[in-house]
Amino acid sequence: MQIRELKVGRLIIRFHWLVAAAVLLTMVSFVRLGFWQLSRAEEKIALQDEFQTSGLAEATDITQVPVAGLQYDLLQHQNRRVLLHGEYLNEQNIFLIYQTFEDQIGYEVLTPFLLQDQQQIVLVSRGWSAIAEVSQLSSELTAISGPRQVEGQLFIPTVKQAALGNQSQNTDWPLLRRYVNNQELAPLFAVPLFPYVVRLAAEQDGTLVRHWPEVTVETGRHFSYALQWFAMAIAVLTVAL
């Protein structure tokens, strides 16, 4: 294939059709990847809107929430407001270590909640405490006795979060854990364990410091990747010229 020349006044442009086609194809590929990243960002922004809507919707009895698997539940139930009817198992608290709030290290307190049909237990996160000693926290933690209705929001972990395991496996109550792992915890209870934690709503009996960050989806990296792909397309054109 011959090299073509194009004269524009005193300027002579020489190009090879095959090289020009390769440059064009490369640029188009990079631009398409950039727009794909932007579309992924738009999808996650829409998902964030759904999370916020779930947090504002009317509370649903937790027994009416269909559990279909982590990936589905993450999209359908994250932040969903739920109601629980039953009673706390105050003698079986779980303390999550190394939990921070305003640059302080403390514990997140989870208290099992036995549903009124006594067929399932739900872990209710009551929030964060700055008390440093486990024995002091256990003695000062307010017991919540008797049947009651509890309101909170579902927290659905990512696949990566759900897979985190604990090296420490003490079986004396209260349990000390770094992460919530249902496969590790389920054998410690006499009835099945609901797969997700409920974060206690404000002004509920027994609520501690509600230290949880707002559940959001990551979009920044998609915009960053899109910018990189567009920059590479420009770079290819610049080098070719």
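How each quantity is defined
- Residues numbered from 1 in each chain as written.
- Predicted model: local features only at pLDDT ≥ 70, side-chain atom pairs only at ≥ 80, totals over all residues.
- Heavy atoms only, no water.
- 1 Å grid on protein atoms, 1.4 Å probe; cavity = no way out; pocket = protein on both sides within 12 Å on 5 of 7 lines; lining within 4 Å.
- Points joined across faces, edges and corners; volume = space filled by probe spheres on them.
- Helix = DSSP H or I, 4+ residues; strand = E, 2+ residues; numbered from the N terminus.
- Nonpolar A, V, L, I, M, F, W, Y, C, P; charged D, E, K, R; others polar.
- Buried < 20%, exposed > 50% of the residue type's maximum accessible area, 1.4 Å probe, protein only.
- Pairing = 2+ DSSP bridges.
- Core = buried A, V, L, I, M, F, W, Y, C linked by side-chain atoms within 4.5 Å.
- Contact = heavy atoms within 4.5 Å.

**A short note on the layout of surface pockets**
Estimated volume of the second largest pocket: approximately 360 Å³. If you trace the second largest pocket, you find 13 residues lining it, with Ile13, Arg14, Phe15, Ala240 and Leu241 closest to the centre. At the level of secondary structure, the elements contributing two or more residues to the lining of the second largest pocket comprise strand E2 (11-16), helix H1 (17-56) and helix H6 (220-240). Of the residues that constitute the lining of the second largest pocket, the class distribution is eleven nonpolar, one polar and one charged.

**Here's the deal with the pairing of strand E6 (residues 104-115)**
Burial of E6 is extensive: ten of the twelve residues sit out of reach of the surface. Inspection of the sheet shows strand E4 (residues 81-88) paired to E6 by three bridges, in the antiparallel sense. Within E6, the residue paired with tyrosine 88 across the bridge is phenylalanine 113. Adjacent in sequence and paired antiparallel, strand E5 (residues 94-101) and E6 are bridged by two residues, among which glutamate 102 carries a positive phi angle near 50°. Direction of pairing for E6 relative to strand E7 (residues 121-129): antiparallel, over a ladder of eight bridges. Paired with proline 112 across the bridge in E7 is leucine 123. Here E6 folds back onto E7 in antiparallel fashion, the turn holding five residues, of which glutamine 118 has a positive phi close to 55°.

**Examining the nonpolar core**
With 18 residues, the main nonpolar core has Ile62, Leu84 and Leu154 as its most contacted residues. Among the elements of the structure, E4, E6, E7, strand E8 (148-155) and strand E10 (197-200) are those that each provide at least two residues to this core. For this core, the element with the highest residue contribution is E4, accounting for three residues. When near neighbours in sequence (up to four residues on either side) are disregarded, leucine 84 contacts Ile62, Phe113, Leu115, Val122, Val124, Arg148, Gln149, Val150 and Val198. By size, the runner-up hydrophobic cluster in this structure holds eleven residues, among which are Leu110, Ile121, Leu185 and Val197.

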